Amino acid sequence: MAIETAELSPTGWVQDQTKKILETGTTEGIEVLGSPVVLLTLRGAKTGKLRYTPVMRVEHDGKYAVVASKGGAAEHPTWYHNIKAHPEFPLQDGTTTKNYVAREIEDAAERAEWWDRAVAAYPAYADYQKKTDRRIPVFVLEPK
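Residues numbered from 1 in each chain as written. Predicted model: local features only at pLDDT ≥ 70, side-chain atom pairs only at ≥ 80, totals over all residues. Heavy atoms only, no water.

The name recorded for the chain in an unreviewed UniProt entry is Nitroreductase, from Nocardia terpenica.

Encoded structure:
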């Protein structure tokens, strides 16, 4: 049986980031607008194909948050639907890759706590929320 490989993003700068992570074997030193990233390997909701998805690093006590901001666009990023369809996936932080299970945060207090952590890690999230009428989804990822 052939080993399944993940696809790179069609977006140029995201593809370049991902290639650098894959070439060096680490997310260390890879940043977006001065903030570090982690690398998710998600399964496509429609295609079933594996896709590499770098996102901002928001970590607390061994758990991570991912924020489906899409820069404050009116719609969710494609990877939001991938996580909803396939919530179990690997996350690479530095040279360490572990499997996590994602759940969208619905509880207001828990969401506020993670949102504050996300904005502390990447302040632009606060501006993105102001640009859109949708409530930007936040997932918490817990080790499997």
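### Describing the environment of A73
Looking at the element boundaries, A73 is found in the loop between strand 5 (63-67) and helix 2 (78-85). With 55 residues separating them along the chain, A73 and Y128 place their C-alpha atoms 7.8 Å apart. Contacts of A73, omitting those with residues within four sequence positions, involve T132 and R134. (Helix = DSSP H or I, 4+ residues; strand = E, 2+ residues; numbered from the N terminus. Contact = heavy atoms within 4.5 Å.)

### As for the packing of helix 3 (residues 108-121) against helix 4 (residues 124-131)
Contact geometry for helix 3 and helix 4: axes closest at 7 Å, N-to-C directions at 120 degrees. What the angle tells us is that helix 3 and helix 4 run oblique. Together, R111, W115, A118 and V119 of helix 3 and Y125, A126 and Q129 of helix 4 make up the contact between the two elements. Considering only residue class, the contact of helix 3 with helix 4 consists of five nonpolar, one polar and one charged. (Axes fitted to C-alpha atoms, helices over the stretch in contact; angles between N-to-C directions. Parallel < 35°, antiparallel > 145°, perpendicular 65-115°, else oblique. Nonpolar A, V, L, I, M, F, W, Y, C, P; charged D, E, K, R; others polar.)

### A short note on helix 1 (residues 12-24)
With 13 residues, helix 1 should reach 18 Å at 1.5 Å per residue; the first-to-last C-alpha distance of 18 Å fits that figure. Within the span of helix 1, buried status applies to V14, Q17, T18 and I21. The arc enclosing the buried residues of helix 1, seen along the axis, measures out at 95 degrees, which places them on a common side. Among the exposed residues of helix 1, those oriented more than 90 degrees off its buried face are W13, D16 and E23. Positive backbone phi, approximately 80 degrees, marks G25, located one or two places after helix 1. (Expected span 1.5 Å × (residues − 1). Buried < 20%, exposed > 50% of the residue type's maximum accessible area, 1.4 Å probe, protein only. Arc of directions from axis to C-beta.)

### Focus on the packing of aromatic side chains
The tally for this structure, following the rule as stated, stands at six aromatic pairs. Ring geometry for Y64 against Y100: centres 5.4 Å apart, planes inclined by 90 degrees, an arrangement best described as edge-to-face. You can see Y64 sitting in strand 5 and its partner Y100 sitting in strand 7 (residues 96-104), a full 36 residues away along the chain. Relative accessible area serves as the criterion here: at 8%, Y64 is assigned to the buried category. Given the relative accessible area of 4%, Y100 is considered buried. Arranged with centres 6.2 Å apart and planes meeting at 40 degrees, the rings of W115 and Y125 form a pair that is tilted. A residue pair is termed long-range when its members are at least 10 positions apart, and W115 in helix 3 and Y125 in helix 4 qualify at ten residues. Owing to a relative accessible area of 4%, Y125 belongs among the buried residues under this scheme. (Phe/Tyr/Trp six-rings, centres within 6.5 Å; stacked < 30°, edge-to-face > 60°.)

### Some thoughts on unusual backbone geometry
One non-glycine residue, L33, adopts positive backbone phi at about 50 degrees. Mapped onto the elements, L33 comes out in the loop between strand 1 (31-32) and strand 2 (35-43). The backbone of D61 shows a phi angle near 50 degrees, a positive value even though the residue is not glycine. Considering the arrangement of structural elements, one finds D61 in the loop between strand 4 (59-60) and strand 5.

### A few points about the pairing of strand 3 (residues 50-56)
Of all seven residues that make up strand 3, five are buried, and the element is covered over most of its length. Bridge count for strand 2 against strand 3 is seven bridges, and the pairing is antiparallel. Of the residues in strand 3, the one forming a bridge with L42 is R51. Between strand 2 and strand 3, which pair antiparallel in sequence order, lie six residues; one of them, G48, sits at a positive phi of approximately 80 degrees. (Pairing = 2+ DSSP bridges.)

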